[in-house]
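The residues making up each chain are set out below.
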Amino acid sequence: MSDTQQTLMPLHSPDPDDNDESPPNQPQPASPDPTRTGTGTGTAIATAPSLLHLSFNQDSGCFAAGTDRGFRIYNCDPFREIFRRDFGPGGGTSLVHMLFRCNILAFVGGGPDPRHPPNKVMIWDDHQSRCIGELSFRSEVKGVRLRRDRIVVVLAHKIFVYNFADLKVLHQIETIANPKGLCEVSHLSGTMVLACPGLQKGQVRVEHYASKRTKFIMAHDSRIACFSLTQDGRLLATASSKGTLVRVFNTLDGSLLQEVRRGADRAEIYSLAFSPTAQWLAVSSDKGTVHVFNLKVDSGLLGLDRSNSSSESNPSSPTAVSSLKFMKGVLPKYFSSEWSVAQFRLQEGLQHIVAFGHQKNTIVILGMDGSFYRCQFDSANGGEMTQLEYYNFLKTDETF
């Protein structure tokens, strides 16, 4: 089945006179452009834009927001707006992803008045203030992931892996229906691991490109709702459409390493995030609570260094295993589940994504209402997290 077609513009030789891919209201690349000053003022617009998409960058130190007018880039700690591109009406951006902290971004048009067709991935260079490449398809783009050496584009039933330097396609993967554009890649240089839905319900496919191995993991009985990889791609966390259990797998052999319970009721899992040393796992869902779980993965086996964080090597860290575990063979599995050690309450039903902060035992939470939270959890005692910061990053009069 060939439902896609790539139209390529090399990154190294864009011609501004050829095939102008932008509408006439593209901002001029003048150096004093207020949308790039980092002051947070941008162009004078009376009302706040509508938020269409949120994504953290590869080390979770920044995040990008796609709006019905363009996109904005923020730093997490300290929190501040770095720059914005408000294209005005007709600037809808439904997906936007950063490449670490450099000037290159990828975005896809969307919303009621899109900047570009939803079947195109635009490569934006903010130093030049314009698009320097594009990838076109015959169907809507559902997701994009960036590495320093690769661009991954997710369609409803297919994934394309491109070489970043010349936009040449390197790999094509068929998947089960993937309307949410689920796909994750590792970010350590030299080795690339890619996780995506397989061809069966509940299955995750893991591509180890360095060893040229493919591993299929039957993670759940129901469809996959969310998953996440560690930076090195050795651990995979998955959640199904039921949203009650989260499972952690070894991507090399597909073995189940740990299972934790978010709750008893069905929930839609919005995001999963590993801490840098894979000692903690954060989960957000439509139930309005962000959970942090203590993982018991052998850090030596994974080559992870936890020596820099006293709490992450503390054997007395709470495990939140039910006290009824001694009756494991008698009572239902629910009673021997591992529960979260720390929680933070949010508005129920609102979509939030979560990542770990760069300071010890902190998490960053972003909401589709424009909310930014930075919270700290007690690694020794657990319980309710402490809110350290809150901002509404969409408010035009907010001062950072």
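Residues numbered from 1 in each chain as written. Predicted model: local features only at pLDDT ≥ 70, side-chain atom pairs only at ≥ 80, totals over all residues. Heavy atoms only, no water.

(A) Here's a closer look at the nonpolar core. Val121, Ile123, Leu135, Phe137, Val141, Ile151 and Val153 are the most contacted members of the largest nonpolar core, which has 21 residues in total. At the level of elements, strand S6 (104-109), strand S7 (120-125), strand S8 (130-136), strand S9 (143-146), strand S10 (150-154) and strand S11 (158-163) are the ones that each hand at least two residues to this core. At three residues, the largest contribution of residues to this core is made by S6. Excluding anything up to four places from it in sequence, Val141 contacts Leu95, Val108, Pro118, Asn119, Lys120, Val121, Val153, Val154 and Leu155. Trp280, Leu346, Phe356 and Cys375 belong to the second largest nonpolar core, which has 17 residues in total. (Core = buried A, V, L, I, M, F, W, Y, C linked by side-chain atoms within 4.5 Å. Buried < 20%, exposed > 50% of the residue type's maximum accessible area, 1.4 Å probe, protein only. Helix = DSSP H or I, 4+ residues; strand = E, 2+ residues; numbered from the N terminus. Contact = heavy atoms within 4.5 Å.)

(B) Layout of the pattern of salt bridges. A complete count under the given rule lists 16 salt bridges for this structure. The shortest N-O distance in the salt bridge between Arg150 and Asp149 comes to 4.0 Å. Assessed through its relative accessible area of 22%, Arg150 is described here as partly exposed. Residue Asp149 is classed as partly exposed on the basis of its relative accessible area of 28%. Measuring nitrogen to oxygen at the nearest pair gives 2.7 Å for the salt bridge that ties Arg247 to Glu259. A residue pair is termed long-range when its members are at least 10 positions apart, and Arg247 in strand S19 (residues 245-250) and Glu259 in strand S20 (residues 256-261) qualify at 12 residues. (Salt bridge = Lys/Arg side-chain N within 4 Å of Asp/Glu carboxyl O.)

(C) Just the sheet that holds S9, in detail. Reading across the sheet, the four strands line up as S9-S10-S11-S12 and stay open at both edges, with antiparallel pairing between neighbours. Edge positions in the sheet fall to S9 and strand S12 (169-174), since each of these pairs with one other strand and no more. The sheet shows a mean angle of 15° between the axes of neighbouring strands, direction not considered. (Pairing = 2+ DSSP bridges. Axes fitted to C-alpha atoms, helices over the stretch in contact; angles between N-to-C directions.)

(D) Structural view of the sheet that holds strand S2 (residues 62-67). Taken in spatial order, the four strands line up as S1-S2-S3-S4 in an open sheet, and their pairing is antiparallel. Bordering the open sheet on either side are strand S1 (51-56) and strand S4 (79-86), each of which pairs with just one other strand. With strand direction ignored, the average angle separating the axes of adjacent strands in the sheet is 15°. Alignment of S1 against S2, held across five bridges, turns out to be antiparallel. Counted as the bridge partner of Phe56 is Phe63 from S2.

(E) Looking closely at the pairing of strand S5 (residues 93-98). When you tally the buried positions in S5, you get five out of six residues, the bulk of the element. The hairpin formed by S5 and S6 contains five residues between the paired strands, and Phe100 there has a positive phi angle of roughly 50°.

(F) Representation of the state of the cysteines in the model. Under the counting rule described, the total for this entry stands at zero disulfides. Free cysteine: Cys62, not disulfide-bonded; nearest cysteine sulfur from Cys76 at 6.4 Å. Assessed through its relative accessible area of 1%, Cys62 is described here as buried. Just so you know, Cys183 is unpaired, no disulfide at all, and the nearest cysteine sulfur is the one on Cys196, 5.8 Å from it. (Disulfide = S-S within 2.5 Å.)

(G) View of unusual backbone geometry. Put simply, Asp77 and Pro78 share a cis peptide bond, and its omega is 0°. Note that Pro78 resides in the loop between strand S3 (70-76) and S4. Within the chain, Lys212 stands out as a residue other than glycine whose phi angle is a positive 55°. When you line up the elements, Lys212 lands in the loop between strand S15 (203-208) and strand S16 (213-218). Here Lys212 falls in the exposed class, since its relative accessible area comes to 77%. For Asn361, which is not glycine, the phi dihedral falls at a positive 60°. Relative to the helices and strands, Asn361 is located in the loop between strand S25 (352-356) and strand S26 (362-367). On the basis of relative accessibility, which here comes to 11%, the residue Asn361 falls in the buried class.

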